[in-house]
Amino acid sequence: MQKLNDLSRSLTPLKPDRTLIAVIEMSLSSWLVAGIVPGIERQPLKKLEVDESTLLKLLIRWREEAKKSGHSIERIAVAFEAGRDGFWLARWLRARDIEAHIIHASSVAVSREHRRAKTDRLDTELLKRAFLGWLRGERDHCRMVAIPTIKDEDAKRPNRERESLVGEQSRIVNRMKAALVRLGIRGFNPKLKKAVERLDGLRTPEGEPIPPNTLAELRRDMARRRLVNDQIRQIEDTRLERLEQAPSDGPHAMVRLLARVIGLGIETADMLVQEVLSRNMRDRRAIARYAGLTGSPDESGRKRREKGLARSGNARVRRGMIQLAWRFLMFQKDSTLAQWFRARTENARSARKTMIVALARKLLIGLWRLVREGVVPDGVVLRPVS
């Protein structure tokens, strides 16, 4: 079972003479691998093609070089920055008994010079320095990213695809409305079922029909919108089928429990469970930080100011929780959290936007305790079990 604090520092004592350390600077066309090999004075640097087998051969070769110099390697530790390639390489290395870690890119300290040199070679030096501090057990020297299983990653795809499709649907509708407004046609709803049939009857203020090229474009956009809408429905129907087929499954049970909260639907519940609530978080502070709902104070000497939200966490969770907080005030008016919000904004209407973030943070922590410990937030009304 994963330990709750194994991402802030390494819990395994570092034996420098028996540990081979390597960091990888990854790009689309090549990988630059830098190593610290016991018994080898030089610190090797090797540029490879994007190929995991070649990387494994390189690590084995370095291990044999250390063995020839009289150092038996008991541990191979590899790290690289989180990025486009995701987590597949870490899973692949771990399956071959190689310790792999993914460094949170924003946790690596860099020079504050206005124009600092930045090359792949210099980046590997920064990664080595950060990774060594983490391996020595120095708390918060750098932060590691939790490596999910491929099943956990795949579970996030429907919600993220739906979010992308909803945005695409809105862009299509806005584009059609803009095309009609350019012709002086207002009040036409392109989302109606009979919108395609009504296009031929539309007239501009001059009494002219829609020009042929614009009309053809509108028909294509309507066909595209129908396709996107059908795909959204397929995602939603598939989700409901999975919930019915395995209602007691871990994440599914969390979704069903959250959906009982009045004002919180299946879509939001599924997003929260897959993105944050099913993760192995240490405490309520870690939950708030992951959602990016914490502040960013700026204190130096006598200067004391708040720069606003950190926004360093999961943007999907942050947006969803702020929207949910506004809905929560409508559907859970008698809850303790809603009363807390009203008491602090009743005489200060300008503070509502600031306090809604605090409400979203408290609400997220309350939902986390609900799915983890079964503790219902005070005053929150649940739907009956179906």
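All values derive from a computational prediction rather than experimental measurement. (Residues numbered from 1 in each chain as written. Predicted model: local features only at pLDDT ≥ 70, side-chain atom pairs only at ≥ 80, totals over all residues. Heavy atoms only, no water.)

**Remarks on the sheet that holds strand 2 (residues 30-36)**
Then comes step 1: On the basis of which strands lie adjacent, the open sheet formed by 5 strands has the order 3-2-1-4-5 and mixed pairing. Every interior strand has two partners, whereas the edge strands, strand 3 (45-49) and strand 5 (99-103), have only one. Strand-to-strand twist of the sheet, defined as the mean angle between neighbouring strand axes without regard to direction, takes the value 25 degrees.
Then comes step 2: Strand direction decides the pairing type here: strand 4 (residues 75-81) and strand 5, joined by 5 bridges, are parallel. In the sheet register, Glu-81 faces strand 5, and the bridge partner there is Ile-103. (Pairing = 2+ DSSP bridges. Helix = DSSP H or I, 4+ residues; strand = E, 2+ residues; numbered from the N terminus. Axes fitted to C-alpha atoms, helices over the stretch in contact; angles between N-to-C directions.)

**Let's talk about the pairing of strand 1 (residues 19-26)**
Then comes step 1: For strand 1, a buried count of 8 out of 8 residues is recorded, marking the element as mostly surrounded by other parts of the structure.
Then comes step 2: By the alternation rule, side chains of strand 1 split into Thr-19, Ile-21, Val-23 and Glu-25 and Leu-20, Ala-22, Ile-24 and Met-26, which are all buried.
Then comes step 3: Relative to strand 4, strand 1 runs parallel, the two being bridged by 6 bridges. Looking across to strand 4, one finds that Val-23 is bridged to Ala-79.
Then comes step 4: Linking strand 1 back to strand 2 in an antiparallel pair, the connection comprises 3 residues. (Buried < 20%, exposed > 50% of the residue type's maximum accessible area, 1.4 Å probe, protein only.)

**A short note on the environment of Leu-183**
Then comes step 1: Turning to its location among the elements, Leu-183 is positioned in the loop between helix 4 (150-182) and helix 5 (195-199).
Then comes step 2: Leu-183 gets classed as partly exposed once you look at its relative accessible area, which sits at 22%.
Then comes step 3: Remark: the alpha-carbon pair of Leu-183 and Arg-129, spanning 54 residues in sequence, is separated by 62 Å.
Then comes step 4: Here Leu-183 is in contact with Thr-204, Pro-205, Ile-210, Pro-211 and Thr-214, once residues within four sequence places are set aside. (Contact = heavy atoms within 4.5 Å.)

**Comments concerning a positive patch on the surface**
Then comes step 1: A contiguous patch of positive charge, built from Arg-143, Arg-284, Arg-285, Arg-289, Arg-344, Lys-362 and Arg-369, is present on the exposed surface.
Then comes step 2: Looking at the positive patch, the elements with two or more residues in it are helix 9 (284-290) and helix 12 (352-373).
Then comes step 3: Structurally, Arg-369 is set in helix 12. (Patch = residues over 30% accessible without salt bridge, like charges linked within 9 Å, V, L, I, M, F, W, Y side chains within 5 Å. Areas by Shrake-Rupley, 256 points an atom, 1.4 Å probe, with all protein chains shown as cover. Salt bridge = Lys/Arg side-chain N within 4 Å of Asp/Glu carboxyl O. Lys, Arg positive; Asp, Glu negative; His and termini not counted. Charge placed at Lys NZ, Arg CZ, Asp CG, Glu CD.)

**Comments concerning helix 3 (residues 120-135)**
An α-helical segment advances 3.6 residues per turn. Residues three or four places apart therefore align on the same side.
Then comes step 1: Along its 16 residues, helix 3 runs 22 Å from first to last C-alpha, staying within 8% of the 22 Å computed at 1.5 Å per residue.
Then comes step 2: All of the buried residues in helix 3 are Asp-123, Thr-124, Leu-126, Leu-127, Lys-128, Ala-130, Phe-131, Gly-133, Trp-134 and Leu-135.
Then comes step 3: In this structure, the buried side of helix 3 is in contact with strand 1, strand 2, strand 3, strand 4 and strand 5. (Expected span 1.5 Å × (residues − 1).)

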